[in-house]
Amino acid sequence: MPSPAITRIRAFTSQSPSPRPFQSALSALHTSLSALPLPTTQPLQSEYLLALSTLRHWHDTISPSDHLTSEYAIANNKSNPARRVPIGLVHIIPAPKSIYGPIACIAAALAACCGVVIELEDVHPLRRVLGGLNGDTLCVVAPGEGEGDVLIDQRGGGRTVAVVDRSADIENAARVLVKARFAMVGGVYAPDLVVVNEFVKKRFLEACIKEIEVSGDDEPSGMEGVVKEAEERGQARVFGGVGGKVVEVLEKGCEVMKQNVEGRFLVVVGCSGLVDAVFGREEGTLLAGYFFAEPGAAKYLAQFMDCQASFVNHIPTQLLVGPAAPKGHALDLLWRYNPDMFTVPRPQFVPSPAPIEAARLVDELLAKDAITGKKKGALNQKIKAFASRPLKPSGQVKSLEELDFFGSGLFLGGGIVLAVVLPALGWTSYVLGKGALGYLGKWRR
């Protein structure tokens with residue numbers, strides 16, 4: 001049995017045609033969030049800043065006049081092929097202590113004119129902010145009491161892998177990866193494993209150690225036991241200080257390589273080349289892949305490593321803050337969520353001329369004159385002319401299947417001559433010529 005607050009929101013959002021209440025909710029949420037004291041830590045400040053920016057962006061994109069134009073398109077005898085309608089009630093389960101993730105999802109859902117139900121524990125930093133905004137568009141419920149038409153569970157993540165090729169700018173790769181791993185400890189897009197070409201691995205490790213800060217507090221981590229065990233077994237070596245540690249994997253397949261990294265650890269393993277980097281492990285679909293290499297090598301890595309998103313020679317800072325992007329949608333790098341994720345297409349059309357020739361011919365085929373046979377002959381001629389019209393040249397080289405019998409024979413015969421006969425003749429000529437020169441030399445003496 002849903003709570004009265006959820007029932008109220010569902011009833012309101014199913015009947016309200018205006019985006020005004022949702023824009024007002026975004027405005028109230030922005031005011032409430034901006035009134036909070038500035039967080040003291042850099043990670044929380046980053047989340048706070050991006051949350052305010054997201055609220056401002058989606059608030060400003062709502063246009064009541066555009067909404068009215070779309071609503072009355074049919075009344076004005078105009079088609080509305082791009083029409084989308086809200087998906088209904090959005091149910092959010094945020095990650096613990098997260099600020100940006102829940103706000104980003106709420107903002108996009110409200111901009112889509114959806115109602116929002118969010119589960120929050122009493123100790124969550126957003127409980128006080130959102131608790132005072134309960135109304136027609138948004139409500140806060142206790143964990144386990146939420147429901148909706150679409151569930152956004154931000155507690156999950158995925159696995160991310162970085163590859164550093166021998167052609168990469170090693171110092172830049174080390175700087176970017178250390179920042180990504182240690183700046184936002186626990187971020188789902190921070191690299192879990194760094195695969196480095198053996199030719200440059202030593203140089204990369206030295207560059208990473210230089211980048212790690214030597215001050216700061218250790219983060220509590222479930223990785224510490226796994227890393228210590230691997231080190232004692234001789235499967236890994238650990239470098240670094242209090243600010244963070246680099247774990248060099250010495251034995252592929254050890255438990256450290258399989259972990260979704262927690263805390264201040266950068267796990268590094270060597271590879272023999274690009275093929276080994278791609279096919280040397282069984283990873284499945286990665287949440288993200290980071291490829292540090294020259295463009296040709298990066299193209300190969302991005303093409304053959306199965307990643308939901310690929311990044312070449314950089315990791316966007318905003319990517320490190322917030323939850324994993326929802327599956328089934330293209331990654332929205334700027335806002336993580338957008339209104340299209342919470343709407344469904346519902347196009348509307350009024351009568352209009354057929355836009356393509358084939359559709360116009362179908363109209364003629366189904367007309368009364370064609371059915372009765374009065375114009376059938378002329379219509380058949382049109383259809384034959386349409387069917388015999390050649391396709392646009394593609395510019396592709398003809399395959400053997402498109403050649404006739406003699407053409408295929410000549411093509412294959414020429415290939416055999418070039419591949420077998422000519423090298424054999426060349427080698428025979430070399431041997432005979434060398435023998436003849438030796439014989440002539442002896443004869444002259």
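Here, every reference points to the structure presented above.
Note that this is a predicted model, so its numbers are computed, not measured.

**Details of the overall build of the chain**
Part 1 of the argument: In terms of helices and strands, the chain carries 16 helices and 13 strands.
Part 2 of the argument: Residues classed as buried in the chain amount to 38% of the 445 residues present.

**Some words on the pattern of salt bridges**
Part 1 of the argument: Counted by the stated rule, this structure contains 17 salt bridges.
Part 2 of the argument: Note that Lys-252 and Asp-276 form a salt bridge whose closest N and O atoms lie 3.2 Å from each other. Here Lys-252, found in the loop between strand 9 (244–249) and helix 10 (255–258), pairs with Asp-276, found in helix 11 (residues 274–279); they are 24 residues apart in sequence, far enough to count as distant.
Part 3 of the argument: Overall, Lys-252 belongs to the partly exposed group, its relative accessible area being 49%.
Part 4 of the argument: The partner of Glu-357 in a salt bridge is Arg-389, and the shortest N-O contact between them spans 3.1 Å. Of this pair, Glu-357 sits in helix 13 (residues 357–365) while Arg-389 sits in the loop between helix 15 (376–387) and helix 16 (405–444), and the two are 32 residues apart along the sequence.
Part 5 of the argument: One continuous salt-bridge network, built from bridges that share partners, spans Glu-198, Lys-201, Arg-237 and Glu-248.

**Some thoughts on the sheet that holds strand 8 (residues 236–241)**
Part 1 of the argument: Taken in spatial order, the seven strands make up an open sheet running 8-9-10-7-6-11-12, and their pairing is mixed. On the outer flanks of this sheet lie strand 8 and strand 12 (310–312), each paired with one strand and no other. On average, each strand axis in the sheet is tilted by 20° relative to the strand beside it, whichever way the strands run.
Part 2 of the argument: Where strand 11 (residues 288–292) lies against strand 12, three bridges are found, and the strand directions are parallel. What sits directly across from Gly-289, in strand 12, is Ser-310.
Part 3 of the argument: Seen against the sheet, helix 7 (residues 170–182) touches strand 6 (160–164), strand 7 (193–197), strand 9, strand 10 (265–271) and strand 11 and runs at an angle of roughly 140° to strand 10.

**Side note on the packing of aromatic side chains**
Part 1 of the argument: For the coordinates displayed, the defined rule picks out five aromatic pairs.
Part 2 of the argument: Ring centres of Phe-12 and Phe-22 lie 6.5 Å apart, and the angle between their planes is 50°; this geometry places the pair in the tilted category. Taken as a pair, Phe-12 in helix 1 (residues 4–15) and Phe-22 in helix 2 (residues 20–34) lie far apart in primary sequence, ten residues in all.
Part 3 of the argument: For Phe-22, a relative accessible area of 0% gives the class buried.
Part 4 of the argument: Geometrically, the ring pair formed by Trp-58 and Trp-335 is edge-to-face, given 6.4 Å between the ring centres and 65° between the ring planes.

**Here's the deal with the sheet that holds strand 4 (residues 138–141)**
Part 1 of the argument: Pairing in this open sheet of four strands is parallel, and the strands run 4-3-2-5 from one edge to the other. With partners counted over all chains shown, the strands left at the sheet margins are strand 4 and strand 5 (150–153), one partner each. Within the sheet, the average angular offset between the axes of one strand and its neighbour, ignoring direction, is 20°.
Part 2 of the argument: With four bridges joining them, strand 2 (residues 89–93) and strand 3 (residues 115–119) adopt parallel strand pairing. Its bridge partner being in strand 3, Ile-92 is matched across the sheet by Ile-118.

Parameters and conventions
Residues numbered from 1 in each chain as written. Predicted model: local features only at pLDDT ≥ 70, side-chain atom pairs only at ≥ 80, totals over all residues. Heavy atoms only, no water. Helix = DSSP H or I, 4+ residues; strand = E, 2+ residues; numbered from the N terminus. Buried < 20%, exposed > 50% of the residue type's maximum accessible area, 1.4 Å probe, protein only. Salt bridge = Lys/Arg side-chain N within 4 Å of Asp/Glu carboxyl O. Pairing = 2+ DSSP bridges. Axes fitted to C-alpha atoms, helices over the stretch in contact; angles between N-to-C directions. Contact = heavy atoms within 4.5 Å. Phe/Tyr/Trp six-rings, centres within 6.5 Å; stacked < 30°, edge-to-face > 60°.

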